[in-house]
Every structure is written in structure tokens, then in C-alpha cells.
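Each chain, written out:
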Amino acid sequence: MKILLSGTASDSHTWNLVYLRLFLEEHGHEVVGLGPCVDAGLLADACLRHAPDTVVLSSVNGHGYRDGLDAVRALRAEPALAALPVVLGGKLGVVGRRQDEEVRSLLDAGCDAVLGDDLDALRAFLAVRARTEVPA
Amino acid sequence: MTAAATVPAGSGFGAFVAAASAAGRLVVQPRMGFGDPDLMRTGLARTRAATAHTVGTLTVDSYTRVGALDAARAAVADGTRLNGYPIAAHSPDTTRAVLDGLRGPGFPVQVRHGSARPEAIVRALTAAGLDATEGGPVSYCLPYGRTPLRESVAAWVRACELLTELSPGTPHLESFGGCLLGQLCPPGLLVAMSVLECLFFARHGLRSVSLSYAQQTDAAQDEEALRALHRLAAEFLPAGVEHHVVLYTYMGVYPRTESGALRLLEASARLAVRSGAGRLIVKTAAEAHRIPTVDENVRALETAAAAAALAGAPAPDTAPEDGEIYQEARTLVETVLGLHPELSRALPAAFARGLLDVPLCLHPDNAGRSLGFIDPAGRLRWARTGAMPLRPDTGADAAPFTSSGLLTALQHVADRYDRDRDGDGEQDRRRDGARHHDDAARSGRAGRRDTGPGRVAAPELTV
């Protein structure tokens, strides 16, 4: 699967992105890495240009909710990207625990999955996507 | 009479550190920043009153850092909590009131931010009467975002000129070059970047600078790096430019245990004294999880100061003239200086050609062909050097670079200090000659630890 991996708009952390790239490649995926501080417009442009099978957004700076919402809304506003699978992982806020309300808003806005720090969940999500890719 | 005449000679930030060094005292400094002016003032007052030889810090919030000044102003207007002091959103009068009666010749205050475009911050700090800050065209650009390096260089040229022009005394600028990404960058490149950025500052008018270095994985290697930094600063900085070396307590994944975190901080204080650093930026155990409180900052300052006071006098410099780190750094500095007479042109050219190449840095202007690794003895070395004029360590590239290997490397220091009662123990080991045996045993245990995917999420780091 071709995965577009990206940080979020206000997040300058990169060790998470370096790690996830290796992790995804070790699971046999092709990875296009955009790096940190990717705003919603840049993300949508990159998706149109690279035509990935799935988008993985990672945030650890505590603004994952705000930035993630902007990002997924921008993707869903683009007709060509309306059905592109998007998964958001990492920290949604600064309080250190998941807020159900925030998760629901992100799902309502078009995220296919909102994960915390659990890589097994990411692996499972991608495995399901990989299966649905197989032509019927 | 000019404004400069109203400032007593030798009253600047650099002069304060120089005087402390001459008196055999290590200056310790927090990374403290609060959005609320009253809390910021309390933080500075407590820093000043700590049982330690301190300078104060105003760490700027991340909205201001990325130039989102409207967002910073809006947060101030509606009372939203910020992760630092929004120096360009508060009025100069507010900042003067924060500093009033605290900042002075006996307690200088430095503004720390992390901005690739620092002009608004420099204007705000000078308007409030401050004259010491930190950064650099490369070190505040590459690790933190996607501002093009050329734009950062141009912005830092203007920032240097503004700082010199708008400060009545002797403004001070610290290079963050020895801290690139915080960890897993072999020391030669860190030392070279500190020297190059301080040269850049000097060529754009600064007469007082400091050269940084962040504690890495091995105390003896760090000591060699710090000595190389002293030597290269003396060789390359123009005569008349006052300078000192500043050490950062380990910036990567921090020990999770209270005792491990404490020992790592103390080890950095001893390293600073042993290698003749003038100043130490401390880290609190809480920092890995959240913004530390004033109390936690004061505790870290006092812990470091006590460890420094017990460390005795600096050891004599016994490093060989042709030490590996010195040679690597000197080669990099000379290579860059040879590219173009203007450093503002030479630095982007060096990155464009991969002659400088920061390992594991994702910035679009970084070649990304270099890679470091921690050898079995615990030293940080080059697995790959890309197009840099350096030789990688032979055979180092044999092991594949994997996600679990990366996690093990990122957690190497934290694991060691969490596990052992003497995470550094560097003096004892050197004395009894058991150093390599001990280190190999430690590294072997680290290798067996389960850090594979599934147990830990993408590592969260504060740099």
C-alpha cells in the first residue's frame, strides 16, 4: 500500500515521523513522508499529487485535535479525496488522555480512525485497508 | 551622550558568565516560560533566589515562535494558557514590569524561542530593554519545521543587525547549533555548527556569543567534544568577540524514574565543570510529560548547582591535539568557510551539496543521507556520512536501520539511568580502568530490552 505520512500544522516533532516511516516500511508499505508542520492545504495538495492509498497523520505536541480537524476537513472538501482513508494517531490534547468528544468530532469530520499511541491498532487498521484493496 | 554610555562596562550576559567562570562558579539556567506575566515574574524571582548562581530565562510560546502573532495576541486577550511567554503580544511595559527589580547586572535574563524568523521577537525583547537571546540560522530552522533555509538565514542576518542596533550595551547571542534535534547526532557536526553559527553572529555584528553543546550518550566523548569546542572557538572567532561554552543537560528521551532523572542532571553538571563550560541549561524530570512548575525548575537548578560545587576544579585538558572530534569539526568548518566568503551564502550551499547533513532531520533542505549510531561502548558514531567530508566508521553500516533499533537508540540513555544506580559513573570507571568492560555490559543489556513495536508508541520527545 502507498501511505502518505505527515505531521500536523503546528507540530514540529519529527522523531515520531522517522519512527513511523521505518515501522510502515517494515510492514511492506511504500511511504511518502511529508515531514513536520504540514498545514491542511499542503496536505491536500500532496494527496492529489501522490495519490496515496491511505493517509497517516501523527501529532504529539498536544494540538492533534485542532490540527487534525482542519486537516481532515480540507481533505474531505476536495472531491477527489473524499473517500481517501485517513487515520490520525498520537496526542489529541495537552491533558494526556483521550477525550471521547474530540474523537467523535474527528470521526464525524471524516477520519476513518482515531488512534492513540497503539501501534497494534495502526497495524490492524492498515491490514483491513490492505484487504479491501484486493479487487472483488 | 549615547545610550551605550549609560550601561556600565562588563554588565552584559556574556560578562556575567565570564565573571562567574573566573570565580570558579558554574552558571545554571532553566528553560522557563509562562504566558501569564505574574507567573513569569514569580518564576524569574524564584530563579534569582535559588541557591545557585543563576541567570533568568524567558522562554517564548509556540504561537510566537512560528510567527502567529495574532494567535498569541488572541490568547493573551482571552486568557488562554500558553506554553511560554508571548513577548511580542505583551506590551514592552508589561515585560518591563515582569523584569523590574529582578533583571540587572547580577541577574541577566535570556530570551529563548526557537524561531526561524526571529525579527518580531528581537524587536520585542529589545523594546523591553533585554539584550540576550538564542538561536541561529540553521539550528532554529532545520529541526523545527519547513521554513526554507535561505529564508531563515536572511531573517537571522536581519535579527543580528537589529539586536546590535537596538541594544544599548553588549547584546549576547547563543548558538543552538550544538543541539541539532537534541540527540543521535555525532559530536563533530554539533561542534562545527556551534562554531559556524557563532562566526555568522560575529560577522553580522555580535561581540558577545556563546557556543552550545548538548550532552549525548558518553561522558568521555562529550568531554572531548566540549574541549574541541573551546579550542575551535579560540581559533576561529575574531579577536575581541567574547565567548563562552554552554552545555545542555540531555535533551532526548529522559529517564522515567525520579532517581534516574536526578543522576542524569547531576552527571551533566559534573561534565560542565570538568570540561570548562561556563553555563548549564538544566532539565527537569517533568519536562518530558508537561511544562514544569516553578518549584520543579528551582529544584533542578539547585540540584545541578550542588553537583557542580562538589565536582571540584576543571580537569586539565589532556585531549590530543588531533582528537577525532576536533578534526571532524575543523574539517566541516573549513569546508563550509571555503564555499563562499559570506557565511549567509556558504551555509545554504553546504546543505544543498550535502556537505553538512544532519542525521534523521526531515527538513526539505537537509540531504538526509547521514546516520549516527551508538557503538557497543556507548559512544555516538557515524554509520553513514553522505556527502560530508567525513569518514563513516568501518563496518558500522552492516546492521540494518530498523524501527526497533531506532527506539533502542533513542532510549539508550534513559534506560541506562533508569536501570543502574550510577548511570554515568564515568569518573569511577576511568579510575579503575573498567570502562569498556562496563559499557559493553550495559549496552548488551540495552540490546536485549524489549523495545519493539507494539510496546511503545512513536517516541515523544521534547527538544
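Computed from a predicted model, the values in this text were never measured in an experiment.

### Comments concerning the interface of chain A and chain B
Consideration 1: Contact with chain A, which involves 24 residues of that partner, is made by 24 residues of chain B.
Consideration 2: For the pair chain A and chain B, the two sides together bury roughly 2,200 Å², of which 65% comes from carbon and sulfur.
Consideration 3: Contact with chain B buries area across many residues of chain A, yet Trp15, Tyr19 and Leu22 of chain A alone supply 36% of it, more than any other trio.
Consideration 4: At the junction of chain A and chain B, the tally comes to four residue pairs in polar contact (both at pLDDT 80 or more).
Consideration 5: Mapped onto the side of chain A that touches chain B, the elements with two or more residues apiece are helix H1 (15–26) and helix H5 (119–133) of chain A.
Consideration 6: Here the residues of the side of chain A that touches chain B sort into 14 nonpolar, five polar and five charged.

### Considerations on helix H11 (residues 294–310) of chain B
Residue and element names in this part refer to chain B.
Consideration 1: In this model, H11 (17 residues) spans 25 Å end to end at C-alpha, consistent with the 24 Å of a helix rising 1.5 Å per residue.
Consideration 2: Residues of H11 that are buried: Val294, Glu296, Asn297, Val298, Ala300, Leu301, Thr303, Ala304, Ala305, Ala307 and Ala308.
Consideration 3: Tucked into the core, H11 has its buried residues touching strand S1 (27–29), helix H2 (37–49), helix H10 (258–274) and strand S8 (279–281).
Consideration 4: Where H11 terminates, the next one or two residues include glycine 312, which has phi positive at roughly 80 degrees.

### What to know about the nonpolar core
Consideration 1: Judged by nonpolar contacts, the single largest core of 150 residues is most densely connected at Leu122 of chain A together with Ile87 and Leu356 of chain B.
Consideration 2: Per element, the largest residue contribution to this core is twelve residues, and it comes from helix H8 (residues 187–203) of chain B.
Consideration 3: The next biggest cluster of nonpolar side chains, apart from the first, holds 25 residues, and it includes Ala44, Ala46, Val72 and Leu106 of chain A.

### Section: the packing of aromatic side chains
Residues and elements named next belong to chain B.
Consideration 1: A complete count under the given rule lists seven aromatic pairs over all chains for this structure.
Consideration 2: Measuring from centroid to centroid gives 5.6 Å for phenylalanine 176 and tyrosine 248, while their planes differ by 80 degrees, and the two rings are edge-to-face. You can see phenylalanine 176 sitting in the loop between strand S5 (172–175) and H8 and its partner tyrosine 248 sitting in strand S7 (residues 242–248), a full 72 residues away along the chain. Assigned by exposure class, phenylalanine 176 and tyrosine 248 land together as buried.
Consideration 3: The interplanar angle of 75 degrees and the centroid separation of 6.3 Å between the aromatic rings of phenylalanine 200 and phenylalanine 201 together place this pair among those described as edge-to-face.
Consideration 4: Of the aromatic side chains, those joined through ring pairs into one cluster are Tyr140, Tyr144, Trp156, Phe176, Phe200, Phe201 and Tyr248.

### A word on the environment of arginine 81 of chain B
Consideration 1: Inspection of the secondary structure puts arginine 81 of chain B in the loop between helix H4 (69–78) and helix H5 (92–99).
Consideration 2: Separated by 46 residues in sequence, arginine 81 of chain B and glycine 35 of chain B place their C-alpha atoms 6.3 Å apart.

### Focus on unusual backbone geometry
Residue and element names in this part refer to chain B.
Consideration 1: In this model, leucine 181 sits at a positive phi of 60 degrees, which is unusual for a non-glycine residue.
Consideration 2: Given a relative accessible area of 5%, leucine 181 falls into the buried group.
Consideration 3: Even without being glycine, leucine 360 reaches a positive phi, approximately 65 degrees.
Consideration 4: Mapped onto the elements of the fold, leucine 360 is located in the loop between helix H13 (343–352) and strand S9 (370–374).

### Notes on the sheet that holds strand S5 (residues 113–114) of chain A
All names here are of chain A.
Consideration 1: Taken in spatial order, the five strands make up an open sheet running S2-S1-S3-S4-S5, and their pairing is parallel. Looking at strand neighbours, the two that pair on one side only are strand S2 (30–33) and S5, the edges of this open sheet.
Consideration 2: On top of the sheet, helix H3 (residues 64–76) reaches strand S3 (54–59) and strand S4 (86–90); it is set at about 170 degrees to S4, its chief contact.

### Some thoughts on empty space enclosed by the protein
Residue and element names in this part refer to chain B.
Consideration 1: One pass over the structure, following the stated rule, counts six cavities of 30 Å³ or more.
Consideration 2: Considered as a void within the structure, the second largest cavity measures approximately 80 Å³ in volume.
Consideration 3: Of all the elements in the fold, those that place two or more residues in the lining of the second largest cavity are H8, helix H12 (324–337) and strand S10 (380–385).
Consideration 4: Among the residues making up the lining of the second largest cavity, the classes are represented as five nonpolar, two polar and four charged.

Rules used in this analysis
- Residues numbered from 1 in each chain as written.
- Chains lettered and ligands numbered in written order.
- Predicted model: local features only at pLDDT ≥ 70, side-chain atom pairs only at ≥ 80, totals over all residues.
- Heavy atoms only, no water.
- Contact = heavy atoms within 4.5 Å.
- Buried area = accessible area lost by both parts, 1.4 Å probe.
- Polar contact = N/O pair within 3.5 Å; in protein donor to acceptor, adjacent residues only side chain to side chain.
- Helix = DSSP H or I, 4+ residues; strand = E, 2+ residues; numbered from the N terminus.
- Nonpolar A, V, L, I, M, F, W, Y, C, P; charged D, E, K, R; others polar.
- Expected span 1.5 Å × (residues − 1).
- Buried < 20%, exposed > 50% of the residue type's maximum accessible area, 1.4 Å probe, protein only.
- Core = buried A, V, L, I, M, F, W, Y, C linked by side-chain atoms within 4.5 Å.
- Phe/Tyr/Trp six-rings, centres within 6.5 Å; stacked < 30°, edge-to-face > 60°.
- Pairing = 2+ DSSP bridges.
- Axes fitted to C-alpha atoms, helices over the stretch in contact; angles between N-to-C directions.
- 1 Å grid on protein atoms, 1.4 Å probe; cavity = no way out; pocket = protein on both sides within 12 Å on 5 of 7 lines; lining within 4 Å.
- Points joined across faces, edges and corners; volume = space filled by probe spheres on them.

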